[in-house]
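Structural characterization, general
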There are 2 protein chains.
Amino acid sequence: MPAPRTPPAEKPGTQARAPRSRIQQRNRELILDAALEVFSTHGFRGATLDQIAAQAGLSKPNLLYYFDSKDTVHRALLTRLLDSWLDPLRKLDPMGEPQAEILSYMRRKLDMSRAYPRESRLFANEILQGAPRIEAFISNDLRALVDEKAQVIAGWAGAGRIAPVDPHHLIFSIWALTQHYADFAAQIGMIRGEGHDPFSGAGDFLDHLYARLLAP
Amino acid sequence: MPAPRTPPAEKPGTQARAPRSRIQQRNRELILDAALEVFSTHGFRGATLDQIAAQAGLSKPNLLYYFDSKDTVHRALLTRLLDSWLDPLRKLDPMGEPQAEILSYMRRKLDMSRAYPRESRLFANEILQGAPRIEAFISNDLRALVDEKAQVIAGWAGAGRIAPVDPHHLIFSIWALTQHYADFAAQIGMIRGEGHDPFSGAGDFLDHLYARLLAP
DNA sequence: AAGCTTCTTGACTGAATGGTCAAAGTTGAT
DNA sequence: ATCAACTTTGACCATTCAGTCAAGAAGCTT
């Protein structure tokens, strides 16, 4: 009797789990990539499984073999995204040089927008819909982190190490500016000319902007 | 023989037209308002006519009596929006005092976001989807206006009346910052506490930000 | 090569969706 | 009050959509 390849063998696709075979690994990846493409442009309700399956090059039943439902796919994408969403702000070091720390944070956010524009749009879509699926994340994890770092920044401002500034609005402004280049890339592209990289010049502009804002 | 109330009497709802009766006026308004609510949170494909009709307090066939199709409703909303979308930038006066002009432009944009957050989200949704329905508007009208005003700003910078700055990025930054408070209101609300007005403090912060950026 | 497991798919289902239609109800000018 | 025009709606249709299922194809391990 041949040993089963996978010991307990629950039905696959039920939860996020480590992929077992090379085929699972590949197809899950294909699906998530396709789903990211579709969800990030059409939102949850506007996306269809047929569309995602087609984009992934799989049949719809095959897609549903790997993920239980449309919702499961979407949740997998969000989970994966949120895991890394807090990183840039987490790295803001209370012991570092204030202006450099804030500029670096902005740069990390901008780099993420440039490297993962679809993830940025997925997030934007979710917020536009009122953040129904990530309310807990925002109200708890994100809020706590923001409040913590806002205090750090307020401390810097109070000590005169940067110009006085509302820390929450400072953080919001970084979010707004860095996400804009990903979320509104279509608009920027049409205005600057299609061939143009939407992000070109953005880094320099934002460096300059925040240097001016924060100089004591 | 009673004179017909409406002279040529084509089928109603075929095109945007001046409403004829009080009932038409009221119901068209109800529908557009409901549709704005739904389209702005779920996007075009994610919105349903049933949802819009319910929100408007009408039956679906009744809704379709006033607008030929889902697409027609959406188009009516966009048309109405785009008509006023360019106004704030148009008002930027080449003859005015540079810094005050730019700050006023930012203020007008911010005021529009505060007064019409749903319109802002409708626009954001459209851009996220790749701007399929407003490509012509952006590539032609908006682009031309932006280029024109960018030249004005470049002139001001060249003359040393404001600090040197990339005019396109300056404009993009104003869009990003002002729209963020409307489009990401859900997120801001969850972070600052639900009772909090997302826009509170934004005006002062942005005034300060741009004053610092532009001071020669 | 055998035999079990993992993958894949065509055919299907019930619900939702955009849209139609004819008939019924309402309105307002005469 | 009348009558034509305007408005509303219940019933309906074709299509799309999320999700199921059973049977077949491909992969592994021995």
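1. Points about the domain arrangement of chain A
All names here are of chain A. Annotation of chain A at the domain level lists domain 1 (10–68) and domain 2 (79–216). Between the C-alpha centres of domain 1 and domain 2 the distance comes to 30 Å. Counting from both sides, the interface comprises 11 residues of domain 1 and, opposite them, 8 residues of domain 2. Approximately 820 Å² of surface area, both sides summed, lies buried where domain 1 meets domain 2, with 48% of it carried by carbon and sulfur atoms. Interface area lost by domain 1 to domain 2 is led by L36, S40 and F44, which between them contribute 56%. Our count for the domain 1 to domain 2 interface comes out at 3 salt bridges. The residue D33 makes a salt bridge to R118 at a minimum N-O spacing of 2.8 Å.

2. Here's the deal with the relation of the copies chain A and chain B
For the pair chain A and chain B, the best superposition has an RMSD of 0.0 Å and corresponds to a rotation of 180° with a translation of 0.0 Å parallel to the axis. The two molecules are tied by a two-fold rotation axis, judged by turn and shift. Relative to the rotation axis, the closest C-alpha in chain A is found at G46 of chain A, a distance of 1.9 Å. In this assembly, 98% of the residues forming the interface of chain A have copies in chain B that are likewise at the interface, indicating an isologous arrangement.

3. Points about the packing of aromatic side chains
The tally for this structure, following the rule as stated, stands at 10 aromatic pairs over all chains. Between Y65 of chain A and Y66 of chain A the ring centres are 5.0 Å apart and the planes differ by 85°, which places this aromatic pair in the edge-to-face class. Note on Y65 of chain A: relative accessible area 43%, which makes it partly exposed. Lying across the ring of F67 of chain B, R28 of chain B places its NZ or CZ 5.0 Å from the centre.

4. Structural notes on the interface of chain A and chain B
Between chain A and chain B, the residue contacts involve 58 residues of the former and 57 residues of the latter. Surface buried jointly by chain A and chain B totals about 5000 Å² across both partners, of which 66% is contributed by carbon and sulfur atoms. In terms of surface lost to chain B, no three residues of chain A exceed L128, M190 and I191 of chain A, which account for 16% of the buried area on that side. One can count 0 salt bridges joining chain A with chain B. In this structure, the connection of chain A to chain B is made through 15 residue pairs in polar contact (both at pLDDT 80 or more). Those elements giving two or more residues to the side of chain A that touches chain B turn out to be α1 (22–46), α7 (117–128), α8 (135–158), α9 (167–183), α10 (185–192) and α11 (202–214) of chain A. The element contributing the most residues to the side of chain A that touches chain B is α9 of chain A, with 12 residues.

5. As for the nonpolar core
Formed by 144 residues in total, the largest nonpolar core has its most connected members in Y210 of chain A together with Y210 of chain B. Setting aside residues no more than four positions away along its own chain, Y210 of chain A makes contact with L103, M106, L170, S173, I174 and L177 of chain A.

6. Concerning helix α4 (residues 70–85) of chain B
In this model α4 of chain B runs 22 Å from its N-terminal to its C-terminal C-alpha over 16 residues, within 8% of the 22 Å that 1.5 Å per residue would give. If you check which residues of α4 of chain B are buried, you get K70, V73, H74, A76, L77, L78, L81, L82 and W85 of chain B.

7. Thoughts on α11 of chain A
For α11 of chain A, with 13 residues, the first-to-last C-alpha span of 18 Å sits near the 18 Å given by 1.5 Å per residue. Those residues of α11 of chain A that fall on the buried side of the exposure criterion are A202, G203, F205, L206, L209, Y210, L213 and L214 of chain A. Relative to the axis of α11 of chain A, the buried residues are bounded by an arc of 165° and lie together on one face. Residues of α11 of chain A that are buried sit in contact with α6 (98–115) and α9 of chain A together with α9 (167–183) and α11 (202–214) of chain B.

Criteria and cut-off values
Residue positions are given per chain, counting from 1 as you read along its sequence in written order. For this description, chains carry letters from A and ligands carry numbers from 1, given in the order in which they are written. Given that this is a predicted model, residues contribute local features only at a pLDDT of at least 70 and side-chain atom pairs are listed and counted only at 80 or more, while totals for whole chains, interfaces and linings are drawn from all residues. Here the side-chain values reflect all heavy atoms present in the structure, with hydrogen atoms and water set aside. Residue ranges labeled as domains rest on an automatic or database domain assignment. What makes two residues a contact is simply this: any of their non-hydrogen atoms within 4.5 Å. Once two parts are joined, some of their accessible surface, as seen by a 1.4 Å probe, is lost; buried area is that loss totalled over both. Whenever a carboxyl oxygen of Asp or Glu lies within 4 Å of a side-chain nitrogen of Lys or Arg, that contact is scored as a salt bridge. Superposing copies: least-squares fit, C-alpha atoms only, residues required to have pLDDT of at least 70 in both. Only Phe, Tyr and Trp rings are paired, with Trp represented by its six-membered ring, and only when their centres lie within 6.5 Å; those with planes under 30 degrees apart are stacked, over 60 edge-to-face, the remainder tilted. Categorising residues by exposure relies on relative accessible area from a 1.4 Å probe, with only protein chains included: less than 20% of the type maximum marks a residue as buried, more than 50% marks it as exposed, and the intermediate range marks it as partly exposed. As a reminder, the over-ring test applies to NZ of lysine and CZ of arginine, requiring each to be within 6 Å of the ring centre and within 35 degrees of the ring normal. Throughout this description, a polar contact denotes any pair of N or O atoms lying within 3.5 Å of each other; where both atoms belong to protein, one of them has to be capable of donating a hydrogen while the other can accept it, and for residues adjacent in sequence the pair is counted only when both atoms sit in side chains. Put simply, DSSP marks the helices as runs of H or I at least four residues long and the strands as runs of E at least two long, and each gets a number from the N terminus on. Definition used in this section: a nonpolar core is a set of buried Ala, Val, Leu, Ile, Met, Phe, Trp, Tyr and Cys residues joined via side-chain atoms within 4.5 Å. Expected helix span is taken as 1.5 Å per residue step, with the number of steps being one fewer than the number of residues. In this description, the arc belongs to the directions extending from the helix axis to the C-beta atoms.

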